[in-house]
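Structure assessment
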Amino acid sequence: MEFSLQPDYAKVRERYDAFWNCEIIDRPPVSIILPGKASKQLPPKQYNSWEERWLDIERRAEEMDLSIRSQRFLYDSLPIVWPNLGPEVFSAWCGCGYQYGEHTTWSEPLIHDWERDADKARLNINHPLFRKTIEFTKLLLEYSHGDYIVGMTDLHPGGDHVAALRDPENLALDMIENPEWVSEMLKRSMPDFYAAYGVFYNLLREAGMPITAWTPLVHDGTFGIPSNDFSCMISKAMFDEYFLPGIAQECCFYERSIYHLDGPGALRHLDSLLEIPQLNAIQWVCGAGNEGYARWVKVYQKIQAAHKGIQLFCTLDELDLVFETLRPEGVWFAGIEGIRDEETAKAVVKRIEKWK
């Protein structure tokens with residue numbers, strides 16, 4: 001498998017394979033993307049609504065193709081595009097209404113009354129947005145010509161899906177008043193997710209693609225990014241009882257997985273997540289205003305002590321502290337702030353190569 005925008009892909013994939021196993025073959029993977037030649041500018045196009053703009057997949061595919069070809073993917077960075085139709089599109093496929101803004105989308109709750117509405121939440125593979133996601137994926141595959149990787153759309157099953165079906169505030173009350181309905185919906189919705197995932201998995205693998213998504217990691221088999229942003233609203237005990245089993249099951253479904261742990265409010269669940277044997281890595285997102293590697297050293301050390309991989313963002317000034325406080329095995333430098341030219345990038349990678 002070769003991609004012209006990452007000509008060293010075979011070696012890069014070896015480094016990521018080692019990352020998944022908390023090992024290194026020569027050094028940790030390092031993702032550095034720099035601007036390349038200026039891309040062709042498409043003529044402006046007017047739309048009557050944000051929905052019309054989001055669903056103009058022909059225009060969006062062309063824009064994405066031009067954008068990715070205007071970047072330089074250095075060292076272990078991966079040239080990836082994916083058919084983004086918003087973070088709750090899976091819930092839309094299952095019956096939720098869908099709204100479009102300039103930069104994001106959001107779903108409208110489907111379940112207003114559990115007894116009356118629960119059976120409405122079913123995957124519809126003939127839903128216009130499901131068919132549109134397939135068309136979008138195929139378009140990107142056509143544009144790629146094998147020059148870059150095409151990934152899956154953003155899928156949020158489990159707790160985030162049930163929160164979309166119900167509305168997060170209502171779901172928080174349900175955890176006290178209707179936990180049996182929540183538990184039943186969590187179990188009932190996962191086969192729909194696996195079915196939807198399988199459609200896109202097969203489409204991409206048949207096109208010769210590795211599997212990836214909005215987090216730029218790759219694997220030749222099943223890969224996913226479990227998450228539960230709703231978890232910041234509930235206790236550890238409640239999370240462990242109702243949501244952790246489903247997350248563990250999802251991790252068993254994937255051959256490789258990285259959990260999206262979003263915000264300080266979700267940190268109370270880290271210990272529970274680290275106990276999932278099949279979970280490979282943690283993507284810790286500290287949130288705006290909470291930046292700084294030094295602030296989260298103990299979090300990263302706990303992750304590493306549990307033999308899980310780490311998606312790490314840091315600055316040039318923080319590299320020495322990273323070297324002092326972590327081991328190189330299982331670290332992926334997903335972004336190093338402050339690198340603006342190839343000379344700096346080369347010097348940084350040389351420093352990382354010496355890290356033992």
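First, a word on what this report is: a plain description of the structure on this page. Worth saying up front: this structure is predicted, and the values here are computed from it rather than measured. (Residues numbered from 1 in each chain as written. Predicted model: local features only at pLDDT ≥ 70, side-chain atom pairs only at ≥ 80, totals over all residues. Heavy atoms only, no water.)

In this structure the tally under the stated criterion is 25 aromatic pairs. Both rings, one in Phe-193 and one in Tyr-194, keep their centres 5.7 Å apart while their planes meet at 55°; by these two values the pair is tilted. Overall, the relative accessible area of 1% leaves Phe-193 in the buried class. Taken together, a centroid distance of 5.7 Å and an interplanar angle of 55° make the contact between Tyr-197 and Tyr-254 tilted. Of this pair, Tyr-197 sits in helix 9 (residues 179-206) while Tyr-254 sits in the loop between helix 11 (244-253) and strand 8 (256-262), and the two are 57 residues apart along the sequence. Ring-pair connections join several aromatic residues into one group, and the members of that group are Phe-90, Trp-93, Phe-130, Phe-193, Tyr-194, Tyr-197, Phe-200, Tyr-201, Phe-253 and Tyr-254. (Phe/Tyr/Trp six-rings, centres within 6.5 Å; stacked < 30°, edge-to-face > 60°. Buried < 20%, exposed > 50% of the residue type's maximum accessible area, 1.4 Å probe, protein only. Helix = DSSP H or I, 4+ residues; strand = E, 2+ residues; numbered from the N terminus.)

Right, let's get into empty space enclosed by the protein. Per the stated rule, a full pass over the model turns up one cavity of 30 Å³ or more. Its boundaries defined by the atoms lining it, the largest cavity holds a volume of some 110 Å³. Contributing to the lining of the largest cavity are 14 residues, with Thr-153, Leu-155, Ala-213, Gly-224 and Ile-225 lying nearest its centre. The residue inventory of the lining of the largest cavity, partitioned by class, reads ten nonpolar, two polar and two charged. (1 Å grid on protein atoms, 1.4 Å probe; cavity = no way out; pocket = protein on both sides within 12 Å on 5 of 7 lines; lining within 4 Å. Points joined across faces, edges and corners; volume = space filled by probe spheres on them. Nonpolar A, V, L, I, M, F, W, Y, C, P; charged D, E, K, R; others polar.)

What follows is about the pattern of salt bridges. Applying the stated rule across the entire model yields 19 salt bridges. Asp-65 is the salt-bridge partner of Arg-69, the closest N and O atoms lying 3.0 Å from each other. Of this pair, Arg-69 and Asp-65 both sit in helix 3 (residues 57-69), four residues apart, which is roughly one turn of the helix. Taking the relative accessible area as the measure of exposure, Arg-69 reaches 27% and is therefore partly exposed. Residue Asp-65 is classed as buried on the basis of its relative accessible area of 9%. With a closest N to O distance of 3.0 Å, Asp-119 and Arg-188 form a salt bridge. (Salt bridge = Lys/Arg side-chain N within 4 Å of Asp/Glu carboxyl O.)

Position of Gln-304 among the secondary structure elements: in helix 13 (residues 297-305). Assessed through its relative accessible area of 5%, Gln-304 is described here as buried. Those residues in contact with Gln-304 that sit more than four places away from it in its chain are Ile-310, Leu-326, Arg-327, Glu-329 and Val-331. (Contact = heavy atoms within 4.5 Å.)

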